[in-house]
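Listed below are the residues making up each chain.
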Amino acid sequence: MALTHLFNKFSILPRIFQPTTDALFSTLPFTHRWRLLLLQPINILCLLLTAPTFLFKTSYTVSYIPTRSGPKRCLVFQPPRASNDTTLRPLHVDFHGGGFIGGFPEQGVRWCTLLAERTGAVVVSGSYRLAPRHIYPAAQEDVDDIVSYLLAHAEELGADKDLLTLGGSSVGGTLTLGTCQLLPPGTVKAWLGSCAPVDLRLRPRDKIRPEGFPEHDPLGFLEPLYDVYAGTEREKNREDGRCHPILARREGLPRNMLFVCAGVDILLHEQMSMVERLERERNEGDGQSVEVMVVEKGFHGFTELPSWIMEKERVEVFEKAIGFGRMVHRKHGFDFEDQKQRIR
């Protein structure tokens, strides 16, 4: 059992070293390859920064979920249960950020563990194909397939397919907004996204800089890689709401949505534009809810950083999101307070 647990922990390594393998063993243009090699130490640094949140914890199991492009490594977090409790729990599916070019499910271990413990949901954290080797709609298709598989096999996890919520950090939020539009209306009960880009029609360098944003981005050399996922197909997909969620029709999105935004983020303007548009289109009395939380001093991806960086703000975000999730669950007949009484 210990060896299996150890293997599952280190099965993350191929993902971590993917920039190097893509740079050395692909037919990508040289302008992408040298940037991937510079991305490699950043990937390793991200692993080292997040390792304390998952390396010595056993709060999840590793599962490989089939997709049209092959099995994808996912983490499954089970909520606390009484030994005889067979109640189906809400299902939340989360996807990591990384600008479409990096990232791994373990980035969200702290959040997913807390979400399972505090809301009683079964939480799955998924992965997907990365750019620049794979462009739109590759990552979107992987997310679609994972969510569809989980809906079909929810009961095997002790989850209720009729109480599905989606979310993610950065592009993980973008991808789940795309999946919401694919599923029949009402399938996804809520979406919870943090720092999600919603308008890929604009290149990173063309986005509106908020006050306080650094004049020189230290990761600016990666910008051409960030832009590859949608960039090469930008004109063909210019009106595609799945690629650019800011264009999504209101009826194709969940009735309950929570946008967590960072005040020092080039994505703030497009996020607020989408929120304002959804608010204008909201019908009074139909139960729709679009909430937004702006962390004024926050920067992109701050919720996934080590606990000693912006911990107060991160706790506030987590508490807001947990409260939002529990509110949605109660709307649909699941009350975690009742379940906690059974555990006691």
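Looking at an unreviewed UniProt entry, one finds the chain named Alpha/beta-hydrolase, with Macroventuria anomochaeta as its source organism.

**Brief notes about the overall build of the chain**
The secondary structure content of the chain amounts to 12 helices and 8 strands. Taking 20 Å as the expected radius of gyration for a compact globule of 344 residues, we find that the chain reaches 19 Å, a close match to that expectation. Projected onto its principal axes, the C-alpha positions of the chain cover 60 × 55 × 40 Å. Counting every position in the chain, which comprises 344 residues, the buried fraction comes to 55%. Pairs at least 24 apart in sequence give 76% of the contacts found in the chain among residues at least 6 apart. For the chain, the accessible surface area stands at approximately 15,500 Å², while carbon and sulfur atoms represent 58% of it. Here the chain contributes 41 positive and 42 negative side-chain charges, whose respective centroids are spaced 3 Å apart.

**Considering the nonpolar core**
With 39 residues, the main nonpolar core has L91, V93, Y128, V147, L164 and Y229 as its most contacted residues. Counting only elements with at least two residues in this core, the list comes to α4 (30–54), β2 (72–77), β3 (89–95), β4 (122–126), α6 (138–152), β5 (159–169), α7 (171–182) and α9 (228–231). In this structure, V93 is in contact with V124, V147, L150, L164, T165, L166, G167 and T176, ignoring residues within four places of it in sequence. Grouped together as the second largest cluster of nonpolar side chains are 33 residues, I16, V123, A262 and V317 included.

**Details of the side chain of D145**
Mapped onto the fold, D145 is located in helix α6. Using a relative accessible area of 15% as the deciding quantity, one classes D145 as buried. Not counting the four nearest positions on each side in its chain, D145 is found in contact with P66, T67 and R68.

**Regarding the packing of aromatic side chains**
In total, this model carries 6 aromatic pairs according to the counting rule given. With a centroid separation of 6.4 Å and an interplanar angle of 50 degrees, the aromatic rings of F95 and Y128 are classed as tilted. You can see F95 sitting in strand β3 and its partner Y128 sitting in the loop between β4 and α6, a full 33 residues away along the chain. A ring pair is formed by F100 and Y229, whose centres lie 3.9 Å apart and whose planes are at 15 degrees; its orientation type is stacked.

**Regarding α4**
The end-to-end C-alpha distance of α4, which contains 25 residues, comes to 35 Å, matching closely the 36 Å that a straight helix rising 1.5 Å per residue would cover. At L48, α4 shows its maximal kink, close to 30 degrees; a proline, P52, follows between one and four residues later. Taken as a whole, α4 has its buried residues at H32, R35, L36, L39, Q40, N43, L47, T50, A51, T53 and F54.

Parameters and conventions
- Residues numbered from 1 in each chain as written.
- Predicted model: local features only at pLDDT ≥ 70, side-chain atom pairs only at ≥ 80, totals over all residues.
- Heavy atoms only, no water.
- Helix = DSSP H or I, 4+ residues; strand = E, 2+ residues; numbered from the N terminus.
- Rg over C-alpha atoms; globule rule 2.2 N^0.38 Å.
- Buried < 20%, exposed > 50% of the residue type's maximum accessible area, 1.4 Å probe, protein only.
- Contact = heavy atoms within 4.5 Å.
- Areas by Shrake-Rupley, 256 points an atom, 1.4 Å probe, with all protein chains shown as cover.
- Lys, Arg positive; Asp, Glu negative; His and termini not counted.
- Charge placed at Lys NZ, Arg CZ, Asp CG, Glu CD.
- Core = buried A, V, L, I, M, F, W, Y, C linked by side-chain atoms within 4.5 Å.
- Phe/Tyr/Trp six-rings, centres within 6.5 Å; stacked < 30°, edge-to-face > 60°.
- Expected span 1.5 Å × (residues − 1).
- Bend = angle between axes of the 7 residues up to and from the residue.

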